[in-house]
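Examination of the molecular architecture
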Amino acid sequence: QLQLVESGGGLVQPGGSLRLSCAASGFTLANYAVGWFRQAPGKERERILCITRGGLTNYADSVKGRSAISRDNAANTVYLQMNSLKPEDTAVYYCAAARANGVCFNPQARYDYWGQGTQVTVSS
C-alpha cells in the first residue's frame, strides 16, 4: 500500500516550535515533490511550503522566515520545522506528494498522494 503519514502535531504555546514529519510507505519519497498544506475550520486549504526533488523550495508568505522544509531520504521522510508559532497557525496540517514536474511553482498542481493530517494547536 502506498501512503503518507503525518505526525508530530500537538499543542504548543505561542512563540514555540514544532517539527512535523511526513513519512512515506510503499514508494520512494525522494522521487516526488512534497507540499505541506494546512486547513483551519471555515477556511480554505492553503499550501504553505513545497520542496522539489532537486531541493528547491517555495514558501507561502504566511510562514516565510519562520518555517523550513527538509528531506531525510534515508528515512523516506520530509519534515516541516515551524518556529515562532502563532494562534493563527492552528490548523490540520497535511503533506502531499507529486511526481509531475513543476508542482511547487504551479498553483494548480495536482498531487498523487495525501496524508491523513495532523492537528496543530497554538494556544497559551
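In short, a report on the structure. Quick caveat, the model's predicted, so the values are computed rather than measured.

**Observations regarding the packing of aromatic side chains**
Counted according to the given criterion, the structure contains six aromatic pairs. Ring geometry for F27 versus Y32: centroids 4.9 Å apart, planes at 70°, classification edge-to-face. Take F27 and Y32: they sit in the same class, and that class is buried. With a centroid separation of 5.2 Å and 90° between ring planes, the pair formed by F37 and Y111 is classed as edge-to-face. You can see F37 sitting in strand β4 (residues 33–39) and its partner Y111 sitting in the loop between β9 (91–98) and β10 (113–114), a full 74 residues away along the chain. Comparing F37 with Y111 shows no difference in burial state: the two are buried. Residue placement shows R19 over the ring face of Y79; its charged tip is 4.2 Å from the ring centre.

**A closer look at the pattern of salt bridges**
Taken as a whole and judged by the stated rule, the model has four salt bridges. Salt-bridge contacts for D89 lead to R38; the nearest nitrogen and oxygen are separated by 2.8 Å. Note that D89 is positioned in the loop between β8 (77–82) and β9 and R38 in strand β4, a separation of 51 residues in sequence. You'll find D89 and R38 in the same group, each marked buried. Its salt-bridge partner being K64, residue D61 comes within 3.4 Å of it at the nearest N-O pair. Taking relative accessible area as the criterion, D61 reaches 67% and is therefore assigned exposed. One salt-bridge network, held together by shared partners, links R38, E46, R66 and D89.

What counts, and where the lines are drawn
- Residues numbered from 1 in each chain as written.
- Predicted model: local features only at pLDDT ≥ 70, side-chain atom pairs only at ≥ 80, totals over all residues.
- Heavy atoms only, no water.
- Phe/Tyr/Trp six-rings, centres within 6.5 Å; stacked < 30°, edge-to-face > 60°.
- Buried < 20%, exposed > 50% of the residue type's maximum accessible area, 1.4 Å probe, protein only.
- Helix = DSSP H or I, 4+ residues; strand = E, 2+ residues; numbered from the N terminus.
- Lys NZ or Arg CZ within 6 Å of the ring centre and 35° of its normal.
- Salt bridge = Lys/Arg side-chain N within 4 Å of Asp/Glu carboxyl O.

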